[in-house]
Amino acid sequence: MKLNFLLGIITLFIVLLCCSGCYSRIELEDSIAAVAHGLDISPDGTQVISSGQFALPPQADEEEAPKFLIRSASGPTFSAAEQVIRASLPRHPVWSKAETYIIGENIARRNIGLFLDRLGRTNAVRETSLLFLAYQSTPEEVMSTRVEPEDNAEAALSKLIRGQEPQTGIYRPVSINEFLYKVSAEGIEPVLPQVKIESLEGKNGLTIDGLAVFRGRQMVGSLNEQESRGYHLANNATRGGLFNITLPDSSRPGGQSKHTLELTSSRASVQPLYSQGQLTMKITIIAEGNLFELDTPQSLIDMAQLSLFEQQGSEALKSDIAACIDRAQAYQSDILGWGQILQGRQPALWESLKADWPAQFAGIAYEIECEYKLRRTYIQGRGIIEE
Amino acid sequence: MTRLTNIQLFCILVITMITTPYQVLAKLLAVTVAQHGWLAILGSILPGFILVWAYYYILVNSSRPFPGLLEEHCGTVTGKILGFIYIWVFYLVAVKSLVIFANFFLSNVLPGMPISILLIFIILPAFYALRKGLEASVRTVELITITGYPLAMLLLFFGLGPETDWSRLLPLGGFAVADLFYGILLVSTYSSFMIVVLTLGPFCHQPGNLWKWMFSAYGLFLLSTLVIAVIPIVTYGSALTSVQTFPAFNIARSTNIAGFIHNIEIILVSAVMPGVFGVLAIFWFVTCYSIQQVFGLQDYRIMVGPTAIMAGILAVLLVPNIHFMYIMLERIFPWIFITLFGLLPLLLALVIRLKRPKDLQPGMMAGNN
């Protein structure tokens, strides 16, 4: 009995000692958190470059004190480069705090395989972190750009992409998880939102400018804003976003009036149709939204006019999707995941096509059906000005 | 003699069958049958039912707990030889559960932690529980089933986020039949861990009702493995799942519910760890109890100390690295376990059936009627 009691006490002590969490501990005052992480390659392709944006501890008495510091280093691997960064930092860099990863255009155009392992293997990378591509610049340059009122690029980029999704409905965040999945799966290719440094009112700022398109292990091109909206519509169930339509109006200069419609929700479905040796992808979009702003306040919006708005709305959405598909086919990059849909619905056909899928994808015919319905006109029905 | 309630036995079966698949089955099935893991699980229903029948049949037609019953049905010499083999295989399961958890923990949570400290952390509570007697272990397992199991499953469901795509389970066809059969074998390997019922069943109050609890435990195993196999596939796709070392852990890492519930992997570890304790404690008990039976010892508890030290050493030596561990889990262990926990008991049940006098009523355990 005494032995068991003693054994119990010893067990409890040892287990409690193990529970203290002393292993792999990092003291707060000895560490510095990386908020953004950049991955690139040198122009000659011999060394990879790792960059980190680190949040500095807040200085209570200095408003203008720098909020972050940036360190970059090159090496044969990203880990080796990060060891060089570590050597230049008195504090231990905590990479796992980085929630934004910025990929350089150089490495994206050369070989994305060079950084995939860095993203997927260690627990220093959180798979829910967001990925961006530094378009026509380097990750270090993007991280050095201050975007008021945010303190660092991580916060700015994260808010930029998350904020615009429900408002403009063009881009959506891409997580490391999603990117890795699309790289690893057959019949689908990834895209990444491009971050561009633009001069705004004499100061450099960051904007999301198109989507980088990948094929296999390389970036092969970009989608512009319209194509990016088409990608968003054709791939996802979307919520939010505004888009413009034009209607014939003889009373207006140029014979057209322009109006803004809101897209409150949309859902896309893709159906592969195979008949007489011809594969056609049928894309159906069911969308609804509201009248958001009229170029000319209409005296009376009747059912016929609403129907015209709906028709033009449908055409506008169709044209965005068609622009995206045409561009993707030109790049031979199946960013729409048609191969995967085919694999799921017609596996035998997929088996016969998959060996040469990029070329096959480029030649697939498509039909788009779009049904856009107006639901509300917000707090005004008629226009203010009566004709 | 310690007595177990049927619900306690149900808890033991659930923990022994589900803990290891929770950690590794999604990957093993993704490697073997890609997105068709759920088909392999459905395919394992029939073999599973046959196993449950075989175990129950052996149980009700034997007067001694396993492996003593081997001597009863196969003769003293053969029974002792088989019992000796089973000692090592039970011990292998206990050590394997340690190895898997050590790799799970050191790969994902605290890579810098010495493996010896981690092993002590797991072995010591199990050692203490076994020294206290079967009742202490079983009560702990009961608590683990009530708390750890629902939490572990809930954490998997949390992984079903906006990026979940159920079409990743498609296409339904297009698999090699041989691969599917291997997948069924892999799943059946873990359902065969139900063999502990042969040792623990005779400790139950109402052995006549055991079949209901065995079927219930097996049903829960099937549902759980379906969740374990399907959620990583619809979250990551089969290609990515097959390259991850522990998909369940990745699910927890990438869980983010409205930016509010995230970074929950440590909760997953805290849910898995008691399960590992459960598997270790139960198979370790069965090992020690088997040693007692085979060698005619007074008390199984004298073997707890020596086997504890050996378990720690073997856990370090058994696999040199995680890659080798998966080779063992995929190619070597299934054959060992399915042969000794599946085929041999089935054969034994058939032998008992053939040898049983025609006028004897089945369903009554000789030691408990």
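Read on for an overview of the structure. Position numbers for residues count from 1 along each chain, tracking the sequence in the order it is written. Each chain gets a letter, beginning with A, and each ligand a number, beginning with 1, in the order they are written. Only residues with pLDDT of at least 70 are given local features in this predicted model, and only at 80 or more are side-chain atom pairs given and counted; all residues enter the totals for whole chains, interfaces and linings. As a rule here, side-chain values cover all heavy atoms of the structure and leave hydrogens and water aside.

**Side note on the overall build of chain B**
Scanning chain B from terminus to terminus reveals 14 helices and 2 strands. The C-alpha radius of gyration of chain B comes to 20 Å, within 12% of the 21 Å expected for a compact globule of 369 residues. Along the first, second and third principal axes, the C-alpha set of chain B runs to 60 × 45 × 35 Å. Each residue is assigned to one of three classes by its accessible area relative to the maximum for its type, calculated with a 1.4 Å probe on protein chains only: buried under 20%, partly exposed between the two thresholds, exposed over 50%. Counting the 369 residues in chain B, one finds 60% classified as buried. In this description a helix means any DSSP run of H or I spanning at least four residues, a strand means any run of E spanning at least two, and both kinds are numbered starting from the N terminus. Using C-alpha atoms as the atom set, the radius of gyration is obtained and then compared with a globule rule of 2.2 Å times the number of residues to the power 0.38.

**A short note on the packing of aromatic side chains**
Two rings from Phe, Tyr or Trp (for Trp, the six-membered ring) form a pair when their centres are within 6.5 Å of each other. A pair whose planes differ by under 30 degrees is stacked, one over 60 is edge-to-face, and the rest are tilted. Within this structure, the stated rule accounts for 40 aromatic pairs over all chains. The interplanar angle of 20° and the centroid separation of 5.6 Å between the aromatic rings of Phe-90 of chain B and Phe-341 of chain B together place this pair among those described as stacked. Here the residue Phe-90 of chain B occupies a position in helix H5 (residues 76-108), and Phe-341 of chain B occupies one in helix H14 (residues 322-355), the gap between them amounting to 251 residues. Each member of the pair, Phe-90 of chain B together with Phe-341 of chain B, is buried. Ring geometry for Phe-285 of chain B against Tyr-289 of chain B: centres 5.6 Å apart, planes inclined by 25°, an arrangement best described as stacked. Of the two residues, Phe-285 of chain B and Tyr-289 of chain B both sit in helix H12 (residues 265-295), 4 residues apart, roughly one turn of that helix. Cluster of aromatic residues (ring-pair linked, three or more members): Phe-66, Tyr-86, Phe-90, Tyr-190, Phe-193, Phe-283, Phe-333, Phe-337 and Phe-341 of chain B. As a reminder, the over-ring test applies to NZ of lysine and CZ of arginine, requiring each to be within 6 Å of the ring centre and within 35 degrees of the ring normal. Here the guanidinium or amino end of Lys-27 of chain B rests over the ring plane of Tyr-326 of chain B, the centre of that ring lying 4.9 Å away. The aromatic ring of Tyr-181 of chain A is capped on one face by Arg-168 of chain B, whose charged end is 3.6 Å from the ring centroid.

**A look at the nonpolar core**
The set of buried Ala, Val, Leu, Ile, Met, Phe, Trp, Tyr and Cys residues whose side-chain atoms join them within 4.5 Å is what this entry labels a nonpolar core. In this structure, Phe-115 of chain A together with Tyr-22, Phe-101, Phe-105, Leu-200, Trp-284 and Phe-341 of chain B are the most contacted members of the largest nonpolar core, which totals 179 residues. In terms of residues, this core owes the most to one element, H12 of chain B, which gives 19 residues. Should any heavy atoms of two residues lie within 4.5 Å, those residues are considered in contact. When near neighbours in sequence (up to four residues on either side) are disregarded, Trp-284 of chain B contacts Ala-94, Ile-123, Ala-126, Phe-127, Leu-130, Val-279, Val-304, Thr-307 and Ala-308 of chain B. If you look at the next biggest cluster of nonpolar residues, it comprises 62 residues, including Phe-132, Val-191, Leu-223 and Leu-263 of chain A.

**Notes on the sheet that holds strand E13 (residues 365-376) of chain A**
Residues and elements named next belong to chain A. Only when DSSP finds a minimum of two bridges between them are two strands counted as paired. Taken together, the 4 strands give an open sheet; going across it, the order is E10-E11-E12-E13, and neighbouring strands pair in mixed fashion. In this open sheet, the two strands that pair with only one neighbour each are strand E10 (242-248) and E13. The mean angle between the axes of side-by-side strands here comes to 40°, regardless of whether they run parallel or antiparallel. Judged from the 11 bridges that link them, strand E12 (residues 278-293) and E13 form a sheet pairing that is parallel. Bridge assignment links Thr-280 to a residue of E13, and that residue is Ala-365. This element, helix H8 (residues 225-235), spans E10, strand E11 (256-275) and E12 of the sheet and lies at about 50° to E11. Along the sheet face, helix H9 (residues 303-331) touches E10, E11, E12 and E13 and points at about 145° away from the line of E13. Here an axis means a line fitted to C-alpha atoms, over the contact stretch when the element is a helix, while the angle between two N-to-C directions is reported on a 0 to 180 degree scale.

**Considerations on unusual backbone geometry**
With an omega of 5°, the peptide bond running from Phe-66 of chain B to Pro-67 of chain B counts as cis. Its place among the elements puts Pro-67 of chain B in the loop between helix H3 (45-60) and helix H4 (68-74). One non-glycine residue, Gln-136 of chain A, lies in the positive phi region at around 55°. Looking at the element boundaries, Gln-136 of chain A is found in the loop between strand E6 (130-134) and helix H5 (139-144). According to the relative accessible area criterion, Gln-136 of chain A is exposed, its value standing at 55%. Residues other than glycine seldom take positive phi values, yet Ala-34 of chain B does so here, at roughly 55°. The residue Ala-34 of chain B is located in the loop between helix H1 (6-33) and helix H2 (37-43) in this model.

**Examining the layout of surface pockets**
Each cavity reported here is a set of points on a 1 Å grid over the protein atoms alone in which a 1.4 Å probe fits but cannot get out, each pocket an open set with protein on both sides within 12 Å along at least five of seven lines, and each lining residue one with an atom within 4 Å of a point. Grid points are joined across faces, edges and corners, and a volume is the space filled by probe spheres set on the points. If you add up the space inside the second largest pocket, you get close to 600 Å³. Around the second largest pocket, the lining comprises 23 residues; the ones closest to its centre are Gly-120 and Arg-121 of chain A together with Val-243, Gln-244 and Asn-250 of chain B. Amino acids are sorted into nonpolar (Ala, Val, Leu, Ile, Met, Phe, Trp, Tyr, Cys and Pro), charged (Asp, Glu, Lys and Arg) and polar (every other residue, Gly among them). In terms of residue class, the lining of the second largest pocket is built from 9 nonpolar, 10 polar and 4 charged.

**Remarks on the interface of chain B and chain A**
Taken together, the 31 residues of chain B in the interface contact 26 residues of chain A. Carbon and sulfur atoms make up 60% of the surface buried where chain B meets chain A, a total of about 2600 Å² over both sides. Here, a salt bridge means any Lys or Arg side-chain nitrogen found within 4 Å of an Asp or Glu carboxyl oxygen. Along the contact surface separating chain B from chain A lie 2 salt bridges. Between Glu-127 of chain A and Arg-253 of chain B there is a salt bridge; the shortest N-O distance is 3.0 Å. Polar contacts here mean pairs of N or O atoms no more than 3.5 Å apart (in protein, one a potential hydrogen donor and the other a potential acceptor; neighbouring residues in sequence count only if both atoms are side-chain atoms). Inspection of the region where chain B meets chain A yields 11 residue pairs in polar contact (both at pLDDT 80 or more). Secondary structure elements with two or more residues in the side of chain B that touches chain A: H5, helix H6 (115-132), helix H10 (210-243) and helix H11 (247-254) of chain B. For the side of chain B that touches chain A, the per-class residue count stands at 17 nonpolar, 8 polar and 6 charged. In short, buried area is how much 1.4 Å probe accessible area vanishes from two parts on joining, totalled over both.

**Concerning the pairing of E10 of chain A**
Within a regular strand, side chains alternate between the sheet's two faces. Residue and element names in this part refer to chain A. Where burial is concerned, the two faces of E10 differ: the one with Phe-243, Ile-245 and Leu-247 is buried and the one with Leu-242, Asn-244, Thr-246 and Pro-248 is not. As paired elements, E10 and E11 share 7 bridges and run antiparallel to each other. Bridged to Asn-244 within E11 is Thr-260.

**Description of the side chain of Glu-310 of chain A**
Residue and element names in this part refer to chain A. By the secondary structure assignment, Glu-310 is in helix H9. One polar contact links the side chain of Glu-310 to the main-chain amide nitrogen of Leu-374, over a distance of 2.9 Å. Residues in contact with Glu-310, not counting those within four places in the same chain, are Tyr-372, Lys-373 and Leu-374.

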